[in-house]
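Take a look at the letters that make up each chain.
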Amino acid sequence: MLLAALLAGVSLIAPEALAAREKLKNWETIQSDRHGFMIAYPGSVFTSRNSGPNDEDGRILVSRDGGARLIVGAFPNDAEASLAEYRAQLLSDNYSGADLDYAPVKKRSFIISGTRGDMHFYERVSFTCGGRLINSWALLYPVSERHIYDRIVEAIAPTYSPGAGRTGQCD
């Protein structure tokens, strides 16, 4: 009886696990020659929304169903904001009223993750070149699809490498 119940549970879980694995196939890479950042993402999930001269600064990718966005880019810190100032501005401008569930701060980077309304977000920001360059990537997705996109965040995160200019020497 117990074995039958366990096997029934496995048969219910297996299709969902297979579907999640299928979504994480066909990885593609974004690499900026101008800023030096790099990130990989499942091309089976996202498609690029923009292409043009500013692609070296960043990209906006949209899930095939249109419900999620992956945003990656880098830009000069012209305002000379400190990491703490930029984090406060981001929280105020983009995530006001959000319920944060993960928000570690390190010496040169921070992560903000939480829920605002029916959307969940995960954003990682890194300051490079002595704070002169801000690198970031964010994934915004429906709360109802966290069981899918939380896994995608976990898969993308280790592929991300913030940039330090064309040669890696802050040029």
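Calculation rules
- Residues numbered from 1 in each chain as written.
- Predicted model: local features only at pLDDT ≥ 70, side-chain atom pairs only at ≥ 80, totals over all residues.
- Heavy atoms only, no water.
- Salt bridge = Lys/Arg side-chain N within 4 Å of Asp/Glu carboxyl O.
- Helix = DSSP H or I, 4+ residues; strand = E, 2+ residues; numbered from the N terminus.
- Buried < 20%, exposed > 50% of the residue type's maximum accessible area, 1.4 Å probe, protein only.

A word on the pattern of salt bridges. Tallied over the full model, the rule gives three salt bridges. We note a salt bridge from Arg-34 to Asp-57, for which the minimum N-O separation is 2.7 Å. Within this pair, whereas Arg-34 is found in the loop between strand E1 (27-31) and strand E2 (38-42), its partner Asp-57 is found in the loop between strand E3 (46-48) and strand E4 (58-63), the two being separated by 23 residues in sequence. Judged by relative accessible area, Asp-57 falls into the partly exposed class, the value being 28%. Two residues, Asp-150 and Arg-146, come together in a salt bridge whose shortest N-O distance is 3.1 Å. One end of the pair, Asp-150, and the other, Arg-146, are both in helix H3 (residues 146-156), four residues apart, so they sit about a helical turn from each other. We classify Asp-150 as partly exposed; its relative accessible area is 23%. Overlapping salt bridges bring together Asp-101, Arg-146 and Asp-150 as one network.

Let's shift gears to the environment of Lys-106. Within the secondary structure layout, Lys-106 lies in the loop between strand E6 (99-102) and strand E7 (109-116). Residues Lys-106 and Leu-83 lie 23 residues apart in sequence; the distance between their C-alpha atoms is 9.4 Å.

Of note, Cys-129 is a non-glycine position whose phi angle comes to about 55°, a positive value. Checked against the element boundaries, Cys-129 lands in the loop between strand E8 (119-128) and strand E9 (133-142). The exposure class assigned to Cys-129 is buried, which follows from its relative accessible area of 13%. Even without glycine at this site, Cys-170 takes up a positive phi of about 60°. Note that Cys-170 resides in the segment after H3.

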